[in-house]
Amino acid sequence: MPDLWLRERLGTVHEEGRFGEGGNHGKDLYDSLYEGRVCQDSHYIKLGKKVLAVDFDSQANLTTCFGVEDPAAVPVTIGHLMMAQIEDEELPAAEEYIMSRNGVDFIPSSMVLSVVDAKLRLEMGAEKMLSGILESLRDRYDAIIIDTAPTLGALNINALAAADEVIITVNPQLLAMMGLQDFLKTVKKIKSRINDKLDVAGILLTMCDARTNLCKVITEQVTDTFEGQIRIFDSKIPNTVKVGESVYYSEPLLEYAPECKACEAYENFAKELIVYEG
């Protein structure tokens, strides 16, 4: 069974986190738009892993980062698959909705997903819809990466219900720390009420500017607060303009600026994560 990782952005400043669904084979990861999500997916591929990324955000930022210029023109997206689940319709063949770029498979998104979000609030067993879609894909991949929106609504509850592990990515700012505490409470509730497999794999610090005192203070606060309780990954993703440029040009950071520090940091994190998973 593949592991499933999911992302969530934390706090008022829309920081990011990762949810994951751990299994014997595949793993789902989540990456932030501002920290080169496609770069991390690509690094996982570079290390010999077969990866599927799922854009679970109606804004379709991940889809755009994969080079899809008009997500609305894509005939089958994750929104269409979710609608089929809601209506108890048969899902299309995987070949009809899985796209690929440079070895990374992905399921695109579009604004259709915003309609799904509204419908889920009225559905029985709504939190299991995404699980039903991804279950048949688990054996195909080592990693399934879910990119979520920056709000904890019905869609993200679906992602948490499908996941085995959460990788929480935190920008070292005060509001992000406040959001982190709230998010951990939500994970605990999901684990006790919906998905008893769900665990926190660790905390990844992102958008770090080591030159600022605030970054140092918040980093120390995260360490002091969670050390011994939650793993804090050694890898730290630095803040760099190259990330924003790669997003603007809809290119993975690994292709746009493979020598930049953020790209190197993501590769180190991918290696660290593989060692962690054993």
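Residues numbered from 1 in each chain as written. Predicted model: local features only at pLDDT ≥ 70, side-chain atom pairs only at ≥ 80, totals over all residues. Heavy atoms only, no water.

Undergrad: Hey, could you go over the overall build of the protein for me, with residue numbers and the actual values?
TA: The helix and strand inventory of the protein stands at eleven helices and nine strands. Across the 278 residues in the protein, those meeting the buried criterion constitute 55%. For the protein, restricting intrachain contacts to residue pairs at least 6 apart in sequence, the fraction spanning at least 24 positions comes to 75%. (Helix = DSSP H or I, 4+ residues; strand = E, 2+ residues; numbered from the N terminus. Buried < 20%, exposed > 50% of the residue type's maximum accessible area, 1.4 Å probe, protein only. Contact = heavy atoms within 4.5 Å.)

Undergrad: I'd love a proper account of the confidence of the model for the protein, names of residues and values included.
TA: The predicted coordinates should not be examined in detail at positions where pLDDT is low. Looking at the protein, pLDDT values average 79 and 81% of them are 70 or higher. Confidence, read as mean pLDDT per element, is least for strand β2 (residues 18-21) in the protein (36) and greatest for helix α3 (residues 78-86) (96). Within the model, the stretch residues 5-38 combines pLDDT values under 50 with 225 contacts to residues more than four positions away or in other chains. (pLDDT = per-residue confidence, 0-100.)

Undergrad: Residue-level account of helix α6 (residues 154-162), with values.
TA: Owing to its 3.6 residues per turn, the α-helix aligns residues three or four sequence positions apart on the same side. Burial runs high along α6: seven of the nine residues are buried. Here α6 has its buried residues at Leu-155, Asn-156, Asn-158, Ala-159, Leu-160, Ala-161 and Ala-162.

Undergrad: Break down the packing of aromatic side chains for me, with residues and values.
TA: What the rule picks out here adds up to four aromatic pairs. Where Tyr-249 meets Tyr-256, the ring centres are 5.8 Å apart and the plane angle is 20°; that geometry is what we call stacked. Here the aromatic cluster, defined as three or more aromatic residues joined through ring pairs, consists of Tyr-248, Tyr-249 and Tyr-256. (Phe/Tyr/Trp six-rings, centres within 6.5 Å; stacked < 30°, edge-to-face > 60°.)

Undergrad: How would you sum up the nonpolar core? Please name residues and give values.
TA: One finds Phe-56, Ile-78, Met-82 and Ile-107 to be the most contacted residues of the largest nonpolar core, which totals 26 residues. The set of elements that each furnish at least two residues to this core consists of β3 (51-56), α3, α4 (112-120), α5 (129-134), β6 (143-148) and α6. With sequence-adjacent residues up to four places away left out, Phe-56 is seen in contact with Ile-78, Met-82, Leu-113, Leu-130, Ile-146, Asp-147, Thr-148, Ala-149, Leu-155, Asn-158 and Ala-159. The next biggest cluster of nonpolar side chains, apart from the first, holds 20 residues, and it includes Val-170, Leu-184, Ile-218 and Phe-226. (Core = buried A, V, L, I, M, F, W, Y, C linked by side-chain atoms within 4.5 Å.)

Undergrad: Summarise the packing of α4 against α6; cite the residues concerned and give the values.
TA: Orientation of α4 relative to α6, taken along the N-to-C sense of each, is 85°, at an axis distance of 8 Å. Viewed along their axes, α4 and α6 adopt a mutual orientation that is roughly perpendicular. Within the contact between the two elements, α4 uses Leu-113, Val-116, Asp-117 and Leu-120 and α6 uses Ala-154, Leu-155 and Asn-158. Looking at the contact of α4 with α6, its residues break down into five nonpolar, one polar and one charged. (Axes fitted to C-alpha atoms, helices over the stretch in contact; angles between N-to-C directions. Parallel < 35°, antiparallel > 145°, perpendicular 65-115°, else oblique. Nonpolar A, V, L, I, M, F, W, Y, C, P; charged D, E, K, R; others polar.)

Undergrad: Residues and numbers for the environment of Leu-152, please.
TA: The residue Leu-152 is located in the loop between β6 and α6 in this model. Residue classification places Leu-152 among the partly exposed positions, given a relative accessible area of 37%. Sequence-wise, Leu-152 and Thr-186 are 34 residues apart; in three dimensions their C-alpha atoms are separated by 8.9 Å.

Undergrad: With reference to specific residues and values, describe the environment of Cys-65.
TA: Looking at where Cys-65 falls in the secondary structure, it is placed in helix α2 (residues 61-65). With 183 residues separating them along the chain, Cys-65 and Tyr-248 place their C-alpha atoms 8.4 Å apart.

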